[in-house]
Amino acid sequence: TAETAPRRRVLLKLSGESFGGGDIGLAAEVVRRIAAEIAVAVRAGVEVAIVVGGGNFFRGAELAQNGMDRARADYMGMLGTVMNCLALQDFLEQAGVSTRVQTAITMGQVAEPYIPLRAIRHLEKGRVVIFGAGAGMPFFSTDTVSVQRALETHCQEVLMGKNGVDAVYSADPRTDPTATRLEHLTYTDALVNDLAVMDATALSLCRDNDVVMRVFGLEERGNVTRALQGEKIGTLVTA
Ligand code: UDP
């Protein structure tokens, strides 16, 4: 019966870059489109947890290159992700989807604190949970946090939505004409060949915990819904 059938629960990672539409700040039309695509899958019964990056505001490593203390710069990066969470929350609510934002850095006026059991309860009730402020720790990436949140809230798959690429390639397709598109690869392949899928911390966390991941492009219309509903787009990455 519908009561006993486990629902599909996934963690969607959205790059901050996509939210900026290539610029600093917010490209509202992009976030609106992504929210509408998420709403379709939620209505079809998929439980959706989301981690949003912050690259459209600040990246700690870049600020550090310009002379800032890395840890403080990383906190700026994490705060940027929260603005993206609020924007996505707004467009999801406009699309008729019930949402909660939970942040790793407490800010009670704008979001709940990160409480894993509560996040799971929200998901069971059909609410989209958006995780903000990364892990709350400098020197980590939102990719690593995506994997950690997926593991802790028992998501079956991590869906890595990328900007500028539609899959994992054997080399950078923008600079290397011999680059081939990969249907499947392992975390060890990615680590050994230094493929730009994710940082090494995220890759090893995936490998050690047998995470199933799909890397796909956010730009093509409908791709977010497709990924959420389990279509085999992009590249599958497994242990
Ligand atoms: N960040 C951090 N700890 C975390 C997650 C993020 O310090 O757990 C900071 C880091 O400076 C990073 C920035 O937040 O550069 C924005 O996140 P990220 O670069 O992962 O966003 P994306 O590239 O996905 O847009």
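Definitions and cut-offs
Residues numbered from 1 in each chain as written. Predicted model: local features only at pLDDT ≥ 70, side-chain atom pairs only at ≥ 80, totals over all residues. UniProt positions renumbered as here; feature names shortened; annotations may be inferred. Near = placed C-beta within 6 Å. Helix = DSSP H or I, 4+ residues; strand = E, 2+ residues; numbered from the N terminus. Nonpolar A, V, L, I, M, F, W, Y, C, P; charged D, E, K, R; others polar. Core = buried A, V, L, I, M, F, W, Y, C linked by C-beta atoms within 7 Å. Buried ≥ 20, exposed ≤ 12 C-beta atoms within 10 Å, placed from the backbone. Contact = placed C-beta atoms within 7 Å. Pairing = 2+ DSSP bridges.

The chain is annotated in an unreviewed UniProt entry as Uridylate kinase of Cellulomonas soli. Per UniProt, the comment on the chain under Subcellular location (unreviewed entry) is "Cytoplasm".

Peer 1: A description of the site of the ligand should follow, citing residues and the corresponding values.
Peer 2: Not every one of the 21 residues close to the ligand is listed here, only the nearest: Gly16, Gly53, Gly60, Gly77 and Gly134. Taken together, the elements giving at least two residues each to the shell around the ligand come down to α1 (16-20), α3 (60-65), α4 (70-94) and α6 (142-152). When the residues that make up the shell around the ligand are grouped by side-chain class, the tally is 7 nonpolar, 11 polar and 3 charged.

Peer 1: Outline the nonpolar core, listing residues and values.
Peer 2: Within soluble globular proteins, side chains that are nonpolar generally end up buried alongside one another. Residues Ile38, Val48, Ile50, Leu88 and Leu228 are the most contacted members of the largest nonpolar core, which totals 64 residues. Of the residues forming this core, the biggest block, 8 residues, is contributed by helix α2 (residues 28-43). Excluding residues that lie within four positions of it along the chain, Leu228 makes contacts with Val10, Leu12, Ile38, Ala41, Val46, Val48 and Leu159.

Peer 1: Would you mind going over the environment of Arg59 in detail, with residue names and values included?
Peer 2: Considering the arrangement of structural elements, one finds Arg59 in the loop between β2 (47-52) and α3. For Arg59, a count of 20 C-beta atoms within 10 Å gives the class buried. Taking the C-alpha atoms as reference points, Arg59 and Gly80, 21 residues apart in sequence, are found 8.9 Å from one another.

Peer 1: Describe the pairing of strand β3 (residues 99-103), listing the residues and the values that go with them.
Peer 2: The buried count for β3 comes to 4 of 5 residues, which makes it a mostly enclosed element. Direction of pairing for β3 relative to strand β5 (residues 128-132): parallel, over a ladder of 5 bridges. Its bridge partner lying in β5, Arg100 is registered against Val129. Sheet topology note: the β3/strand β4 (residues 112-113) ladder contains 2 bridges and is parallel. In the strand pairing of β4, Gln102 is matched with Glu112.

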